[in-house]
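For reference, the chains in residue letters:
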Amino acid sequence: MSWDYLLTSLIVCISPGIGVIYTLSATLGGGMRAGFWASVGCTLATVLHMLIAMAGLAAVLHTSAMLFQAVKFAGVAYLLWMAWAVLKDRGGMSVAPSAPGPAMRIIRRAVLLNLLNPKLPLFFMAFLPQVMPQGAGLAMLTKLGLTFSAITFLTFLGYAVLAASGRDALLASDTVMRWLKRAFAASFAALGLKLAMARA
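Residues numbered from 1 in each chain as written. Predicted model: local features only at pLDDT ≥ 70, side-chain atom pairs only at ≥ 80, totals over all residues. Heavy atoms only, no water.

1. Re the packing of helix H2 (residues 18-30) against helix H6 (residues 103-115)
The N-to-C vectors of H2 and H6 enclose an angle of 155°; their axes lie 10 Å apart at closest approach. The angle between H2 and H6 places the two elements in the roughly antiparallel class. Remark: the crossing between H2 and H6 carries right-handed chirality. Of the residues in H6, those in contact with Ile-18, Gly-19 and Tyr-22 of H2 are Ile-106, Arg-109, Ala-110, Leu-113 and Asn-114. Counted by class, the contact of H2 with H6 contains 5 nonpolar, 2 polar and 1 charged residues. (Axes fitted to C-alpha atoms, helices over the stretch in contact; angles between N-to-C directions. Helix = DSSP H or I, 4+ residues; strand = E, 2+ residues; numbered from the N terminus. Parallel < 35°, antiparallel > 145°, perpendicular 65-115°, else oblique. Left-handed = near helix turned anticlockwise from the far one by under 90°. Contact = heavy atoms within 4.5 Å. Nonpolar A, V, L, I, M, F, W, Y, C, P; charged D, E, K, R; others polar.)

Shown next as structure tokens:
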């Protein structure tokens, strides 16, 4: 496994996206425990997307415009709902201080958010073959997938630790929290619009 693969994987994971925004908002709302479970959920979604790619289902998404559009707009609708829920401090999407919700609910929401992004399996279909040695088989593909998943988890956990470390200071200011809420809502809405314009 090359350093190029590890560095590229790290850059992909660090880049702000649906999972990063969700992990940060979950941590601010429910503390480090919520951030940990959000990281677990986002990583599980990554593993599922890799399995989809390995099974060749990403190729089906790529060739079936109707299926791609259906998954895409389900994802767009869910992201816009997340934006509205954050803005209105609804349930588990509130960034106001509260006791963290049940672990399974946090994980389920993280998985659903990320699974409704049809670009992820297509990314893996395009990315993984480029870093596989010639003649490599399923064992190497599995190794690459597990490595990417580990990097994903550690990166998201890092974001959660960062958010948790400044949580008390942020929560002490009503003005900061009001703008944070707007920023998270705008981020989810922007990600939804970006997904809406995605093409297979």
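More follows now that the structure is in view.
2. Notes on the packing of H2 against helix H3 (residues 32-54)
Contact geometry of H2 with H3 gives a least axis separation of 6 Å together with a crossing angle of 155°. The angle between the axes of H2 and H3 places the two elements in the roughly antiparallel class. Our pair here, H2 against H3, has a crossing hand that is right-handed. Every residue of H3 that contacts H2 at Gly-19, Tyr-22, Thr-23, Ala-26, Thr-27 and Gly-30 is listed here: Met-32, Ala-34, Gly-35, Ala-38, Ser-39 and Cys-42. Tallied by class, residues from the contact of H2 with H3 come to 6 nonpolar, 6 polar and no charged.

3. As for the side chain of Thr-152
Looking at the element boundaries, Thr-152 is found in helix H8 (residues 138-165). On the accessibility criterion, Thr-152 (2% relative accessible area) is buried. A polar contact of 2.8 Å, which involves the side chain of Thr-152, links it to the backbone oxygen of Phe-148. Ignoring anything within four residues of it in the chain, the contact list for Thr-152 reads Cys-13, Thr-43 and Thr-46. (Buried < 20%, exposed > 50% of the residue type's maximum accessible area, 1.4 Å probe, protein only. Polar contact = N/O pair within 3.5 Å; in protein donor to acceptor, adjacent residues only side chain to side chain.)

4. Regarding the UniProt feature "transmembrane region" (unreviewed entry) in the protein chain
UniProt feature "transmembrane region" (unreviewed entry): in the numbering of this structure it lies at residues 6-24, 36-61, 67-87, 111-132, 144-167 and 179-197. End-to-end, the C-alpha atoms of residues 144-167 are 34 Å apart, and along that stretch the chain is 96% helix and 0% strand. (UniProt positions renumbered as here; feature names shortened; annotations may be inferred.)

5. Overview of the packing of aromatic side chains
Throughout the structure, instances matching the rule amount to 2 aromatic pairs. For the ring pair Phe-36 and Trp-37, a centre distance of 5.0 Å and an interplane angle of 75° mean the geometry is edge-to-face. On the accessibility criterion, Trp-37 (26% relative accessible area) is partly exposed. For Phe-36, a relative accessible area of 31% gives the class partly exposed. Ring pairing ties together the aromatic residues Phe-36, Trp-37 and Phe-153, which thus form one cluster. (Phe/Tyr/Trp six-rings, centres within 6.5 Å; stacked < 30°, edge-to-face > 60°.)

6. A closer look at a nonpolar patch on the surface
Nonpolar side chains collect at one region of the surface, where Leu-7, Leu-10, Ile-11 and Ile-14 lie side by side and expose about 340 Å² of accessible area between them. Summarising the element assignment, Ile-11 is placed in helix H1 (residues 3-14). (Patch = residues over 30% accessible without salt bridge, like charges linked within 9 Å, V, L, I, M, F, W, Y side chains within 5 Å. Areas by Shrake-Rupley, 256 points an atom, 1.4 Å probe, with all protein chains shown as cover. Salt bridge = Lys/Arg side-chain N within 4 Å of Asp/Glu carboxyl O.)

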